[in-house]
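Overview (structure and organization)
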Amino acid sequence: LTHFQRTLLSSSFEINMRRSNVINLLGRLASTVAVPSQLQVAGPGPSSIALGLASQHARRGMGPLVIRQYAEQTQQSAGGGWGNKPPVSMQTLLLSLIAGAAGLSAVKAYKDQKVQQVMVQSQQVVGKAAVGGPFELIDYDGKKFTDKNMRGEFALLYFGFCHCPDICPDELEKVSAAVDIVDKKLGVKMVPVFISVDPERDTPARVKAYVKEFHPRMMGLTGDLESVKKTSKAYRVYYSKTGEPNAKDYLVDHSIIHYLVDPDGEFVTFYGKNYTEEQMADSLCEHAANWKAGHPDSYHPGKEIKFTPPKPPSK
């Protein structure tokens, strides 16, 4: 495994462990507040059964609200009663819900922080050899398209499929907005590229109609199964069909990553789902300005390309 892959795996494991700890904590919390240790039951019968079931559910980690509803329904149907004290006070219930929400919020914040750290580290250590490389596919006009066709300008590669219900449209709209921001700020027209991981259904004509819904400069690529597999492997892209093997109506699980490729065709960095269009645009502007500084005569000759990254918000 590369350093990047090991870092992702360890971070994912650590995040899942913390999430599991929070869930276990909530289960124990529910078991301690759901049913008091001593309850006055009006008499034997369904209410006593409800109390016994409530205790079992509490030990299993079911929430106090479910237990209370079950007990109240049983009481109403049989005429029994809980006595003078309810099983859970509203104050205790609210405190439990607040504690649970705070715990889940802490897990989410920690996960976002770890993902950001992984992305920063990977951008520093992945290098040229780890991601990307030569490929040969078919563009939306049915013509051969290789990595050499992207030379001369920055390109953003995204792997998805035309039948994707929500993730792909959201990500393609985001990258379209980001390259428009770069164009407005620097006058640099970066090229978004959509590569289908569902070539069995995504014909060139379908891909062309699909990408034109998002941006006029967006290039759409497809190809045979082997070519798509080879290209995806070069960019470390995961994808897999879901559902029945021979079904025509299926979805494709896949990585949600945009790959930035420089004007020489080399991989530069990547952007995950957690990036906003503004954050992506700022990063793209910075890379374009740095490239111009290192290639003043070959990259947009005669044009001044400078960018000052925004200052992080003060804490």
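Our subject is the structure listed above.
Here is a short report on the structure shown in this document. (Residues numbered from 1 in each chain as written. Predicted model: local features only at pLDDT ≥ 70, side-chain atom pairs only at ≥ 80, totals over all residues. Heavy atoms only, no water.)

1. Quick word on the sheet that holds strand E2 (residues 144-146)
Sheet architecture is open: seven strands sit in the order E2-E1-E5-E4-E3-E8-E9, paired in mixed fashion. Bordering the open sheet on either side are E2 and strand E9 (267-272), each of which pairs with just one other strand. Taken over all neighbouring pairs, the strand axes of this sheet differ in orientation by 35 degrees on average, direction set aside. Taken together, the two bridges between strand E1 (residues 136-139) and strand E5 (residues 219-222) define a ladder with antiparallel strand orientation. By the bridge assignment for E5, Ile138 is matched with Thr222. Helix H8 (residues 225-234) contacts E1, strand E3 (155-160), strand E4 (191-196) and E5 of the sheet and is inclined by roughly 115 degrees relative to E1. (Pairing = 2+ DSSP bridges. Helix = DSSP H or I, 4+ residues; strand = E, 2+ residues; numbered from the N terminus. Axes fitted to C-alpha atoms, helices over the stretch in contact; angles between N-to-C directions. Contact = heavy atoms within 4.5 Å.)

2. Things to note about the environment of Phe194
By the secondary structure assignment, Phe194 is in strand E4. In this structure Phe194 comes out as buried when scored by relative accessible area, which is 0%. Taking the C-alpha atoms as reference points, Phe194 and Leu172, separated by 22 residues in sequence, lie 8.3 Å from one another. Contacts of Phe194, omitting those with residues within four sequence positions, involve Tyr158, Gly160, Phe161, Cys162, Leu172, Val207, Tyr210, Val211, Met218, Met219, Gly220 and Leu221. (Buried < 20%, exposed > 50% of the residue type's maximum accessible area, 1.4 Å probe, protein only.)

3. Let's talk about unusual backbone geometry
Not every positive phi belongs to a glycine, and Arg236 is a case in point at roughly 60 degrees. The residue Arg236 is located in the loop between H8 and strand E6 (239-242) in this model. The phi angle at His300 is positive, at roughly 45 degrees, despite the residue not being glycine. By secondary structure assignment, the location of His300 is in the segment after helix H9 (277-294). A relative accessible area of 22% places His300 in the partly exposed class.

4. So, H9
Here H9 contains 18 residues, and its C-alpha end-to-end distance of 26 Å stays within 8% of the 26 Å for a straight helix at 1.5 Å per residue. Burial in H9 covers these residues: Met280, Ala281, Asp282, Ser283, Leu284, Cys285, Ala288, Ala289, Trp291 and Lys292. Where H9 is buried, its residues contact E3, helix H6 (167-186), strand E8 (257-261) and E9. (Expected span 1.5 Å × (residues − 1).)

5. A word on the pattern of salt bridges
One pass over the structure, following the stated rule, counts nine salt bridges. For Glu171, the salt bridge identified is with Lys174, shortest N-O distance 3.1 Å. Taken together, the positions of Glu171 and Lys174, both in helix H6 and three residues apart, correspond to about one turn of that helix. Accessibility classification places Glu171 together with Lys174 in one group, the buried group. Asp183 is the partner of Arg217 in a salt bridge, and the nearest nitrogen-oxygen pair spans 3.9 Å. Taken together, the residues Arg217 in the loop between helix H7 (204-211) and E5 and Asp183 in helix H6 connect sequence positions 34 residues apart. If you follow the salt bridges from partner to partner, you end up with Asp183, Lys189 and Arg217 in one network. (Salt bridge = Lys/Arg side-chain N within 4 Å of Asp/Glu carboxyl O.)

6. Description of the packing of aromatic side chains
Within the structure shown, the criterion is met by nine aromatic pairs. Considering the side-chain rings of Tyr271 and Tyr275, the 5.1 Å spacing of their centres and the 85 degrees angle between planes classify their relative orientation as edge-to-face. Each member of the pair Tyr271 and Tyr275 is classed as buried. A connected cluster of aromatic rings, assembled from ring pairs, spans Phe159, Tyr235, Tyr259 and Phe267. Positioned over the ring face of Tyr250 is Arg201, at 3.7 Å from the centre of the ring. Cation over ring: Lys241 sits above Tyr250, and NZ or CZ is 4.6 Å from the ring centre. (Phe/Tyr/Trp six-rings, centres within 6.5 Å; stacked < 30°, edge-to-face > 60°. Lys NZ or Arg CZ within 6 Å of the ring centre and 35° of its normal.)

7. A closer look at the packing of H6 against H9
Angle between the axes and distance between the axes are the two parameters that describe a pair of packed helices. Orientation of H6 relative to H9, taken along the N-to-C sense of each, is 45 degrees, at an axis distance of 8 Å. The orientation of H6 with respect to H9, classified from their angle, is oblique. Of the two elements, H6 crosses H9, and the hand of that crossing is right-handed. Mapping the contact onto sequence places Lys174, Val175, Ala177, Ala178, Ile181, Val182, Lys185 and Leu186 in H6 and Glu277, Met280, Ala281, Asp282, Leu284, Cys285 and Ala288 in H9. Here the residues of the contact of H6 with H9 sort into eleven nonpolar, no polar and four charged. (Parallel < 35°, antiparallel > 145°, perpendicular 65-115°, else oblique. Left-handed = near helix turned anticlockwise from the far one by under 90°. Nonpolar A, V, L, I, M, F, W, Y, C, P; charged D, E, K, R; others polar.)

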